[in-house]
Amino acid sequence: EVQLQASGGGVVQGGGSLRLSCVASGFNFDDYAIGWFRQAPGKGREGVSFISSSGGIITYGDSVKGRFTISRDNAKSTAHLQMNSLKPEDTAVYYCAAGETGILLSNPWHTGEYTYWGHGTQVTVSS
């Protein structure tokens, strides 16, 4: 069974940190790029960060640059999103997704090109 299990969300004060994890199973994690997306109620899905299958190419959304760090450990089939200096506007459900690197390099925020999606984890940042 193909799964992407996102975890690590919670409630944190502004300026705090959270570390999200995305554990994959049921497919060859090494062959897939990973994207992190977020969505708040009533808002569209926003690209947060992207990492290629090898980890050699990394992209961040403008709103999180300098604050978030994406990483992956292919041996553990796991990707992480370290979120520092959190702001109330970071409040959203965060989703990880897996897709073919070659397709996504030109547009890592193209949600329709991701093959697998996790169910997401809630991040709430208080004022």
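Residues numbered from 1 in each chain as written. Predicted model: local features only at pLDDT ≥ 70, side-chain atom pairs only at ≥ 80, totals over all residues. Heavy atoms only, no water.

**Examining the sheet that holds strand β3 (residues 18–25)**
Next, step 1: Taken together, the four strands give an open sheet; going across it, the order is β1-β3-β8-β7, and neighbouring strands pair in antiparallel fashion. In the strand order of this sheet, the two ends are held by β1 (3–7) and β7 (68–73), each with one partner. Along the sheet, successive strands turn relative to each other by an average axial angle of 15 degrees, direction set aside.
Next, step 2: Two strands pair when backbone bridges link them, and β1 and β3 are joined in this way by five bridges, in the antiparallel orientation. Each bridged residue has a counterpart across the sheet, and for Q5 the counterpart in β3 is V23. (Pairing = 2+ DSSP bridges. Helix = DSSP H or I, 4+ residues; strand = E, 2+ residues; numbered from the N terminus. Axes fitted to C-alpha atoms, helices over the stretch in contact; angles between N-to-C directions.)

**Re the packing of aromatic side chains**
Next, step 1: On inspection of all chains with the given rule, the structure shows seven aromatic pairs.
Next, step 2: Between F37 and Y114, the aromatic rings sit 5.2 Å apart at their centres with planes inclined by 85 degrees, giving edge-to-face as the arrangement. You can see F37 sitting in strand β4 (residues 32–39) and its partner Y114 sitting in strand β10 (residues 114–117), a full 77 residues away along the chain. For the pair formed by F37 and Y114, the shared burial category is buried.
Next, step 3: An aromatic cluster of three or more residues is present, and its members are F37, W109, Y114 and W117. (Phe/Tyr/Trp six-rings, centres within 6.5 Å; stacked < 30°, edge-to-face > 60°. Buried < 20%, exposed > 50% of the residue type's maximum accessible area, 1.4 Å probe, protein only.)

**A closer look at the pairing of strand β8 (residues 78–83)**
Next, step 1: Of all six residues in β8, five are buried, a share of seventy percent or more.
Next, step 2: Pairing of β3 with β8, which is carried by six bridges, proceeds in the antiparallel orientation. Bridging across to β8, V23 finds its partner in T78.
Next, step 3: Sheet analysis places β7 next to β8, joined by six bridges and oriented antiparallel. Following the sheet pairing, S71 is matched in β8 by H80.
Next, step 4: Between the end of β7 and the start of β8, which pair antiparallel, lie four residues, with S77 showing a positive phi angle near 50 degrees.

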